[in-house]
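# Reading the structure
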Amino acid sequence: MDNIITVKNLTKKFKDFKAVDKISFTVARGEIFAFLGPNGAGKTTTIKMLTTLLKPTSGQILINGSDPLTEQDKVRRSFGIVFQDPSLDDDLTAWENLEFHGVLYGVPVDLRRKRAEELLKIVELWDRKNDLVKTFSGGMKRRLEIARGLLHHPKVFFLDEPTLGLDPQTRKHIWDYIFNLNQKEQITVFFTTHYIEEAEKIAQKVAVIDHGKIIIQGTSAQLKKQTKKNSLEEAFLELTGHAIRSEKANKIDQMRMHRSLRR
Amino acid sequence: MNIIYILWLRQIKKYLRSRSRIVGSLGQPVLFLVALGFGFGPIFQKAGEGNYIQFLAPGIIAMSILFTAIFSGIEVIWDRQFGFLKETLVAPVSRFNIMLGRTLGGATVATLQGLIVLLISLTIGFRPLSILGILISLIIMFLTALLFTALGTAIASRLQDMQGFQLIMNFLVMPLFFLSGAFFPLNGLPKALAIITRIDPLTYGVDGIRGSLIGSSHFGLSIDFLILGGITLLILSLGSYLFSKIEI
Ligand SMILES: Nc1ncnc2c1ncn2[C@@H]1O[C@H](COP(=O)(O)OP(=O)(O)O)[C@@H](O)[C@H]1O
Ligand SMILES: [Mg+2]
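An account of the accompanying structure is given in this report. All of these numbers come straight from a predicted model, not from anything done at the bench.

What follows deals with the overall build of chain B. Across its full length, chain B carries ten helices and zero strands. For chain B, the N- to C-terminal ordering of α and β elements is α-α-α-α-α-α-α-α-α-α. The C-alpha atoms of chain B give a radius of gyration of 18 Å, which matches the 18 Å a tight globule of 248 residues would have. Its C-alpha atoms give chain B principal-axis dimensions of roughly 60 × 40 × 35 Å. Considering only intrachain contacts with a sequence separation of at least 6, the fraction spanning at least 24 residues in chain B is 80%. When the accessible area of chain B is evaluated, it comes to approximately 10,300 Å², of which 72% is carbon and sulfur surface.

Written out as structure tokens, the structure reads:
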């Protein structure tokens, strides 16, 4: 089968600490792939390496046939991404954020405006298009980020905890949309989430990472069978243990927390 | 080209939307102009140096450019903290173009700020020599703005958060400003101070703006222009190098 993502022995060290430790996996073209793991497992670090934001310490990556280290622009053109943390410009309007993205990705002006309109209607933000993003709720920002990530019609769509902190209605809405997109446009979807039942529902393949290592991968049926559990959530807890994890917050995270608390 | 333009446009839009910031950042230059201008005026006159407002206004224009420009560059840290930097860094665009677009935008904003201070100083009695002089001064203002926006960007590329900001203000921006000859004439200085002022790149910005606006410059316009242009190119390359090394 044709693999759009191939990862071999990928490792990332921060000083002496191995955040990602020799992981290997493949994602088939058109697949929905869930990357699960407790806090601090190494999910975001992996996504950053796949999307050219971080240089791996060692290992190989191919995204749509190109190497993120040497063919950055080819790789960058092939994916769209919704980051774990907010990444919109709050001082611009929803429309301006999309315009900005379209220009950066070289989408011709007519096409850019047509798609921006379509996407804003789909994520139900069309009537708010001229409002500054700072007036948006968390769910609206998330929806706008999803629209933005799709504006240049990527082949692979990375979503890092796209539904974190959203209410069940918005979560369902977002997943329905992503699922439809995958079905209609054959876009490959690579996502991480804390909500294991979401992964069970929509992912064709699942990998579980803990302490930087992939401990199991396969379909959720296979994972349940191997752990002899009835749900993926139980299987997940069985595999990763019940101890509570906390992320070692770095300075930037702390600043963000302060900021969100002040609001 | 489109890419540089959209990055430039973003800086301009953000500036025009932050009215309170524009007004706030005018407070200091106006205070300096009025308090120092009228306060030291009589002494300056007695020492046979002429009208102090005439001498001071170009220095204060350079000051507001310096502050706004460094601040625009430092804003990279904000973009990093509030996430928007990631959006630009995953785009299929060269880091150099990103840095250039931002820097041109920041420099334009700083030049506008300098222009506003120029207009304000007209109301308290500053009299430039000619329209041509004003046009030439705008070019020097923009070069100065470009230099310090690039410097701010270079510094910000190496910082993770705003904790170093106070350090930068006290040990870089303030010395750059006070040692630039914004307040005092450059002739007849003690040796050490004379050397330090010549190392400070803002000196040439102040001197060039003064030269073009009131026709008296210490080094001569062409020297100011050359030195300023050279340093700007240097810092711009340094800034884009450091910017290209950013990892998130
Ligand atoms: N820039 C960094 N410097 C040092 N440690 C980091 C850095 N980024 C992430 N880490 C650490 O790497 C580990 C994995 O983090 P991350 O990939 O964000 O986890 P996840 O997304 O699975 O919650 C964590 O222990 C985190 O503290
Ligand atoms: Mg994460």
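Now that the structure has been shown, the text picks up again.
A few words on helix H1 (residues 43–50) of chain A. Residue and element names in this part refer to chain A. Of all eight residues in H1, six are buried, a share of seventy percent or more. Buried within H1 are the following residues: Lys-43, Thr-45, Thr-46, Ile-47, Met-49 and Leu-50. Positive backbone phi, at 70 degrees, marks Thr-52, one or two positions downstream of H1.

Okay, the side chain of Ser121(B) next. Residue and element names in this part refer to chain B. With respect to the secondary-structure elements, Ser-121 resides in helix H5 (residues 95–123). With a relative accessible area of 0%, Ser-121 lands in the buried category. Excluding anything up to four places from it in sequence, Ser-121 contacts Leu-33, Ala-57 and Phe-126.

A separate point is the sheet that holds strand E7 (residues 188–193) of chain A. All names here are of chain A. On the basis of which strands lie adjacent, the open sheet formed by six strands has the order E5-E6-E7-E3-E8-E9 and mixed pairing. Edge positions in the sheet fall to strand E5 (79–82) and strand E9 (213–218), since each of these pairs with one other strand and no more. Going across the sheet, the axis of each strand differs from the next one's by a mean of 15 degrees, ignoring polarity. Sheet topology note: the strand E8 (residues 205–210)/E9 ladder contains five bridges and is antiparallel. Residue pairing in the sheet places Val-206 in a bridge with Gly-218 of E9.

With that settled, consider the sheet that holds strand E1 (residues 3–14) of chain A. Residues and elements named next belong to chain A. The three strands lie next to each other as E2-E1-E4, forming an open sheet whose pairing is antiparallel. Two strands in the sheet have a free side with no partner beyond their single neighbour: strand E2 (17–28) and strand E4 (58–63). Strand-to-strand twist across the sheet, computed as the mean angle between neighbouring axes with direction ignored, equals 15 degrees. Bridging between E1 and E2 involves eight bridges; their strand directions are antiparallel. Directly across from Thr-6, in E2, lies its bridge partner Thr-26.

Our focus in this paragraph is the nonpolar core. Core analysis: the largest hydrophobic core is formed by 107 residues, its most contacted members being Ile5(A), Phe25(A), Phe158(A), Phe190(A), Leu66(B) and Phe148(B). Looking at this core, the element that brings in the most residues is helix H3 (residues 52–81) of chain B, giving 17 residues. Not counting chain neighbours up to four residues away, the residues in contact with Leu66(B) comprise Phe148(B), Val173(B), Leu176(B), Phe177(B) and Leu202(B). In terms of nonpolar packing, the next biggest core, distinct from the first, is built from 42 residues, Leu98(A), Val133(A), Leu144(A) and Ala199(A) among them.

A separate point is the packing of helix H9 (residues 201–214) of chain B against helix H10 (residues 221–244) of chain B. Residues and elements named next belong to chain B. Their axes nearest at 9 Å, the elements H9 and H10 cross at an angle of 140 degrees. As for how H9 packs across H10, the hand of that crossing is left-handed. Across the interface between the two elements, Pro-201, Tyr-204, Gly-205, Asp-207, Gly-208 and Ser-212 from H9 touch Leu-221, Asp-224, Ile-227, Leu-228 and Ile-231 from H10. A per-class count over the contact of H9 with H10 returns six nonpolar, three polar and two charged.

Turning our eyes to something else, we now look at the interface of chain B and chain A. At the interface, 27 residues of chain B touch 35 residues of chain A. With both sides pooled, the region where chain B packs onto chain A buries about 3,000 Å², and carbon together with sulfur makes up 60% of that total. A per-residue breakdown of the area chain B buries against chain A is headed by Glu87(B), Val90(B) and Pro92(B), which together make up 23% of the total. At the surface where chain B touches chain A, the tally comes to seven salt bridges.

Residues and elements named next belong to chain A. Within the protein, the atoms that donate to the magnesium ion (ligand 2) are Thr-44 (OG1) and Gln-84 (OE1), at distances of 1.9 to 2.1 Å. Residue Thr-44 is located in helix H1, and its partner Gln-84 is located in the loop between E5 and helix H3 (94–104); the two are separated by 40 residues in the primary sequence. Look at Gln-84 and you get partly exposed, because its relative accessible area is 22%.

With that settled, consider the packing of aromatic side chains. Aromatic rings in a pair are described by how distant their centres are and how their planes are angled relative to each other. Tallied over the entire structure, the rule returns 24 aromatic pairs over all chains. Seen from their ring centres, Phe79(A) and Phe158(A) are 5.7 Å apart, and the 80 degrees between their planes marks the pair as edge-to-face. Placement of Phe79(A) in strand E5 and of Phe158(A) in strand E6 (residues 156–160) is noted, with a sequence separation of 79 residues between them. Each ring, one from Tyr204(B) and one from Phe219(B), has its centre 4.9 Å from the other, and the planes form 35 degrees; the classification is tilted. Of this pair, Tyr204(B) sits in helix H9 while Phe219(B) sits in the loop between H9 and H10, placing them 15 residues apart in sequence. Pair check on accessibility: Tyr204(B) and Phe219(B) agree, each one buried. Among the aromatic residues, those joined into a cluster by ring pairs are Phe25(A), Phe33(A), Phe35(A), Phe79(A), Phe158(A) and Phe190(A). Positioned above the aromatic ring of Trp126(A), the side-chain terminus of Lys121(A) is 5.0 Å from the ring centre.

Working note: non-glycine residues mostly have negative phi, and peptide bonds are mostly trans. All names here are of chain A. Even without a glycine there, the phi angle at Thr-52 is positive, about 70 degrees. Mapping Thr-52 onto the fold places it in the loop between H1 and E4. Phi is positive for Glu-124, close to 60 degrees, though the residue is something other than glycine. Mapped onto the elements of the fold, Glu-124 is located in the loop between helix H4 (109–122) and helix H5 (138–150).

Reading the values: rules and limits
- Residues numbered from 1 in each chain as written.
- Chains lettered and ligands numbered in written order.
- Predicted model: local features only at pLDDT ≥ 70, side-chain atom pairs only at ≥ 80, totals over all residues.
- Heavy atoms only, no water.
- Helix = DSSP H or I, 4+ residues; strand = E, 2+ residues; numbered from the N terminus.
- Rg over C-alpha atoms; globule rule 2.2 N^0.38 Å.
- Contact = heavy atoms within 4.5 Å.
- Areas by Shrake-Rupley, 256 points an atom, 1.4 Å probe, with all protein chains shown as cover.
- Buried < 20%, exposed > 50% of the residue type's maximum accessible area, 1.4 Å probe, protein only.
- Pairing = 2+ DSSP bridges.
- Axes fitted to C-alpha atoms, helices over the stretch in contact; angles between N-to-C directions.
- Core = buried A, V, L, I, M, F, W, Y, C linked by side-chain atoms within 4.5 Å.
- Left-handed = near helix turned anticlockwise from the far one by under 90°.
- Nonpolar A, V, L, I, M, F, W, Y, C, P; charged D, E, K, R; others polar.
- Buried area = accessible area lost by both parts, 1.4 Å probe.
- Salt bridge = Lys/Arg side-chain N within 4 Å of Asp/Glu carboxyl O.
- Donors = N, O, S within 2.8 Å, 3.2 Å for Na, K, Ca; no water.
- Phe/Tyr/Trp six-rings, centres within 6.5 Å; stacked < 30°, edge-to-face > 60°.
- Lys NZ or Arg CZ within 6 Å of the ring centre and 35° of its normal.

Scope: geometric values only; no functional claims are made or implied.
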